Amino acid sequence: MIKCVLAYSGGLDTSVIIRWLGENYDAEVIALTLDLGANDRDLGAIKEKAIKTGAIDAIVLDAKEEFVRDYVFPALQAGAIYEGEYPLATALARPLIAKKQVEVAREHGAHA
């Protein structure tokens with residue numbers, strides 16, 4: 001059995017993949033959700049859904065300060081604007097999510 005950390009949004013795709021990883025790879029899944037400051041998400045409900053769909057643990061990390069300090073501000077200072085209209089905040093979140101996945105994987109002895 002392998003243990004893996006999944007970047008979990010609470011949406012259909014990431015919810016289905018929890019069970020799929022278990023069934024197809026005999027994986028124990030730790031669902032990881034980052035709080036990046038979007039107030040439109042119920043993080044408690046997302047965590048609960050991850051457990052209900054088969055995750056062995058569901059972790060929600062408050063990463064707002066790190067996201068703004070280390071990703072958003074430097075990008076804005078560099079003029080990172082998509083199609084000249086809006087900041088690349090969504091795309092900027094991806095490296096931070098990956099960084100936190102690795103940290104959680106190491107903390108929990110996960111393989112993937």
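Just above, that's the structure.
The rules behind each value
Residues numbered from 1 in each chain as written. Predicted model: local features only at pLDDT ≥ 70, side-chain atom pairs only at ≥ 80, totals over all residues. Heavy atoms only, no water. Helix = DSSP H or I, 4+ residues; strand = E, 2+ residues; numbered from the N terminus. Buried < 20%, exposed > 50% of the residue type's maximum accessible area, 1.4 Å probe, protein only. Arc of directions from axis to C-beta. Contact = heavy atoms within 4.5 Å. Polar contact = N/O pair within 3.5 Å; in protein donor to acceptor, adjacent residues only side chain to side chain. Core = buried A, V, L, I, M, F, W, Y, C linked by side-chain atoms within 4.5 Å. Pairing = 2+ DSSP bridges. Axes fitted to C-alpha atoms, helices over the stretch in contact; angles between N-to-C directions.

A look at the overall build of the protein chain
Part 1: From N to C terminus, the protein chain includes four helices and five strands.
Part 2: Counting helices and strands in the order they occur from the N terminus, the protein chain gives β-α-β-α-β-α-β-β-α.
Part 3: With the principal axes as the frame, the protein chain shows a C-alpha extent of 45 × 25 × 25 Å.
Part 4: Looking at the protein chain residue by residue over its 112 residues, the buried ones come to 34%.

Notes on unusual backbone geometry
Part 1: Of note in the backbone geometry, Asp26 takes a positive phi value of approximately 50° without being a glycine.
Part 2: Relative to the assigned elements, Asp26 resides in the loop between helix H1 (12–25) and strand E2 (27–35).
Part 3: For Asp26, a relative accessible area of 41% translates into the label partly exposed.

Observations concerning helix H2 (residues 43–52)
Part 1: Buried within H2 are the following residues: Leu43, Ile46 and Ala50. The arc that holds the buried residues of H2, viewed along the axis, is 55°, so those residues lie on one side.
Part 2: Elements that come into contact with the buried residues of H2 comprise H1, E2 and strand E3 (57–62).
Part 3: For H2, the capping residue at the N-terminal end is Asp42, with a side-chain oxygen 3.2 Å from the backbone nitrogen of Gly44.
Part 4: Within two residues after H2, Gly54 carries a phi angle of roughly 120°, on the positive side.

A word on the side chain of Glu66
Part 1: The residue Glu66 is located in helix H3 (residues 64–77) in this model.
Part 2: Within the structure, the side chain of Glu66 is placed 2.8 Å from the side chain of Lys100, a separation counted as a polar contact.
Part 3: The residues contacting Glu66, other than those within four sequence positions of it, are Tyr71, Leu96, Lys99 and Lys100.

Re the nonpolar core
Part 1: Counting 17 residues, the largest nonpolar core has Val5, Leu32, Leu34, Phe67, Leu96 and Val104 as the members making the most contacts within it.
Part 2: At the level of elements, E2, H3 and helix H4 (89–108) are the ones that each hand at least two residues to this core.
Part 3: Top contributing element to this core by residue count: H4, with six residues.
Part 4: Residues in contact with Val5, not counting those within four places in the same chain, are Ile30, Leu32, Gln101, Val104, Ala105, Ala110 and Ala112.
Part 5: By size, the runner-up hydrophobic cluster in this structure holds 13 residues, among which are Leu21, Ala27, Val29 and Ala55.

Concerning the sheet that holds E2
Part 1: As summarised here, the arrangement of the three strands in space is E1-E2-E3, forming an open sheet in which the pairing is parallel. Each having just a single partner strand, strand E1 (2–7) and E3 make up the two edges of the open sheet. If you compare each strand with its neighbour and ignore which way they point, the axes differ by 25° on average.
Part 2: Looking at chain direction, E2 and E3 are connected through six bridges and run parallel.

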